[in-house]
Amino acid sequence: MIAATDRTPLTREFFDRPVLDVAPDLLGRTLVRTTPDGPIELRLTEVEAYDGPNDPGSHAYRGRTPRNDVMFGPPGHVYVYFTYGMWFCMNLVCGPEGMPCGVLLRAGEVTEGAELARKRRLSARNDKELAKGPARLATALDVDRTLDGTDACAPEGAPLTLLTGTPVRSDQVRNGPRTGVAGDGGVHPWRFWIDNDPTVSPYRAHTPRRPRT
């Protein structure tokens, strides 16, 4: 376990940068989720960048909708979406207001509050699997659409806060294609992860859904 050495919240300016600068810089940062039962802390180990109107893989590629509205707002806020009719996923909005870019939080190491995360992730075989994948991460942290639009630059004690934590050295960062992204967006090497970290999720290429018969 790697302890967070700096508990200073990340600033709005941190997120008000190009998404491909923000995404790898999030690795090693500490995400604090404050729940009614207590806090859960997560060290980010894997993320994916989505470059809005320039990215066919982005939810904002075709413009603004009620679902993706938060992506068009100020940086540093949380965009939560529901997928496959059963899972939530969590993103952090980046870049200037009006440019809908975001970083999907794909995986992390639960460093505090593991007992709370285990209650929500009963199928996890060990603590390394508690947040190993974007839906598992959201489930472990009790994140759903009620947190859509939450300010992640808030002080500790807010529902969600991003702390400086322990940034990762550049030589520890790896990148490759994003998981499960189809079409033109599938070629972008915009998934970033900490090399050899056991909490990083496995890569899976996009598999087209078979039509129901």
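Let us look at the structure shown here. These figures come from a predicted structure and were not determined experimentally. (Residues numbered from 1 in each chain as written. Predicted model: local features only at pLDDT ≥ 70, side-chain atom pairs only at ≥ 80, totals over all residues. Heavy atoms only, no water.)

Our next topic: the environment of Pro202. Its place among the elements puts Pro202 in the segment after strand E8 (191-194). Overall, the relative accessible area of 41% leaves Pro202 in the partly exposed class. Counting along the chain gives 69 residues from Pro202 to Gly133, while the straight-line C-alpha distance between them is 8.3 Å. (Helix = DSSP H or I, 4+ residues; strand = E, 2+ residues; numbered from the N terminus. Buried < 20%, exposed > 50% of the residue type's maximum accessible area, 1.4 Å probe, protein only.)

The subject of this paragraph is a nonpolar patch on the surface. A surface patch of nonpolar side chains, amounting to about 380 Å² of accessible area, comprises Tyr84, Met86 and Trp87. On the secondary structure map, Tyr84 appears in the loop between strand E3 (78-83) and strand E4 (87-94). (Patch = residues over 30% accessible without salt bridge, like charges linked within 9 Å, V, L, I, M, F, W, Y side chains within 5 Å. Areas by Shrake-Rupley, 256 points an atom, 1.4 Å probe, with all protein chains shown as cover. Salt bridge = Lys/Arg side-chain N within 4 Å of Asp/Glu carboxyl O.)

Now for the packing of aromatic side chains. One pass over the full model with this rule turns up three aromatic pairs. Ring centres 5.7 Å apart and planes at 35° place the aromatic pair Tyr79 and Tyr81 in the tilted group. The side chain of Arg17 reaches across the aromatic face of Phe14, ending 4.6 Å from its centre. The cationic tip of Arg191 hangs over the ring face of Trp193; the distance from NZ or CZ to the ring centre is 4.1 Å. (Phe/Tyr/Trp six-rings, centres within 6.5 Å; stacked < 30°, edge-to-face > 60°. Lys NZ or Arg CZ within 6 Å of the ring centre and 35° of its normal.)

Per the counting criterion, the structure on display carries 19 salt bridges. One salt bridge in this structure joins Asp142 and Arg33, with 3.9 Å as the shortest N-O distance. Taken together, the residues span a long stretch of sequence, with Asp142 in the loop between helix H4 (134-140) and strand E6 (160-163) and Arg33 in strand E1 (residues 30-35) at a distance of 109 residues. Taking the relative accessible area as the measure of exposure, Asp142 reaches 24% and is therefore partly exposed. Judged by its relative accessible area of 7%, Arg33 falls in the buried class. Of the charged contacts in the structure, one is a salt bridge between Arg64 and Asp69, with a shortest N-O distance of 2.7 Å. Arg64 gets classed as exposed once you look at its relative accessible area, which sits at 52%. Asp69 sits in the partly exposed class, given a relative accessible area of 35%.

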